[in-house]
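One-letter residues, chain by chain:
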Amino acid sequence: ELLSSGGAVLATRVTGKGSLVQSNWDGGSGQATSTDLTRYFSSDGNVETSSPAGDLTLKFILGQYQADGTLTSSSYDTGGVSNFQEIIWSPADQATSTGANAVRFQIATNDDGGTWNYVGPDGTSATYFTTANRTINAAQSGKRYLRYKLYLHTDDITRTPNISDIAFTFTASCTPPGQVVFTGLTNGSYQLRISKSGYEDQTIPLTVNSAWKLQDVILVNE
């Protein structure tokens, strides 16, 4: 399923999978649990979270970008034991001059919401996710809570890497088959496109004007 507004794609979802998504950080630091999707847990002070709005960049100080910066997310609660699938971010590519490791991630999962050991794709602290759409190590699954740690770097003090969206997919007993959930939407008009092999594509107009909206869709054979 693909959700758009005004022709701009906002999010895509796959039935049977849950997702954790963050696309704004201008609410500031200090939030331990992610109840406000515009906030995060902490940073080292070298990451710009509100200029431009909706992007993470290195801070521009005294005419140059800082060489390195880190930001740690609030804790995401999937609601139960979950199997984590992929880490996804955009933009996936950065300016060549910022260097080969301009954007790196590590993630941590646990059952207690308080023990955070950040690791990369091989399940150890020695590695980092450096390309988007990577599979999360199976050792991170079977847990309920997740945090990510972002590392930004530039080799060119006149350029900065930027991140506009960060997402994780997972499966859990609370993610029923045949359903998807879009969160963090503001009131307004949207278009929902549904596609499945063997069935006709559908685009349905939606109006969000309350805290919760349910839309049933009947698939039609091609």
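Anyway, here's the lowdown on the structure attached to this text.

### Quick word on the pattern of salt bridges
Right, so step 1: Enumeration according to the criterion identifies two salt bridges in this entry.
Right, so step 2: Two residues, D77 and R144, come together in a salt bridge whose shortest N-O distance is 2.7 Å. One end of the pair, D77, is in strand β10 (residues 76–90); the other, R144, is in strand β13 (residues 143–153), and 67 residues separate them in sequence.
Right, so step 3: A salt bridge links R193 to D201; its shortest N-O distance comes to 2.9 Å.
Right, so step 4: Taking relative accessible area as the criterion, D201 reaches 44% and is therefore assigned partly exposed.

### Regarding the side chain of Q22
Right, so step 1: Looking at where Q22 falls in the secondary structure, it is placed in strand β3 (residues 18–22).
Right, so step 2: Note on Q22: relative accessible area 1%, which makes it buried.
Right, so step 3: Within the local environment of Q22, its side chain forms a polar contact with the side chain of Y76, the two groups lying 2.6 Å apart.
Right, so step 4: Within the local environment of Q22, its side chain forms a polar contact with the side chain of Y148, the two groups lying 2.8 Å apart.
Right, so step 5: Filtering out sequence-adjacent residues up to four positions away, Q22 remains in contact with L37, T38, R39, Y76, Y148, S164, D165 and I166.

### Section: the pairing of β3
Right, so step 1: Burial along β3 is one-sided: the residues G18, L20 and Q22 are buried and none of S19 and V21 is.
Right, so step 2: As paired strands, β3 and strand β15 (residues 165–172) are joined by five bridges and run antiparallel to one another. Opposite L20, over in β15, you have F168 as the bridge partner.

### So, the environment of G54
Right, so step 1: Topologically, G54 is positioned in the loop between β5 (47–48) and β6 (56–58).
Right, so step 2: For the pair G54 and S23, spaced 31 residues apart in the sequence, the C-alpha separation amounts to 5.9 Å.
Right, so step 3: If we ignore the near neighbours within four places in the chain, the residues touching G54 are S23, N24, W25, I163 and S164.

Reading guide: rules and limits
Residues numbered from 1 in each chain as written. Predicted model: local features only at pLDDT ≥ 70, side-chain atom pairs only at ≥ 80, totals over all residues. Heavy atoms only, no water. Salt bridge = Lys/Arg side-chain N within 4 Å of Asp/Glu carboxyl O. Helix = DSSP H or I, 4+ residues; strand = E, 2+ residues; numbered from the N terminus. Buried < 20%, exposed > 50% of the residue type's maximum accessible area, 1.4 Å probe, protein only. Polar contact = N/O pair within 3.5 Å; in protein donor to acceptor, adjacent residues only side chain to side chain. Contact = heavy atoms within 4.5 Å. Pairing = 2+ DSSP bridges.

These results come straight from atomic positions and should not be treated as a statement about function.
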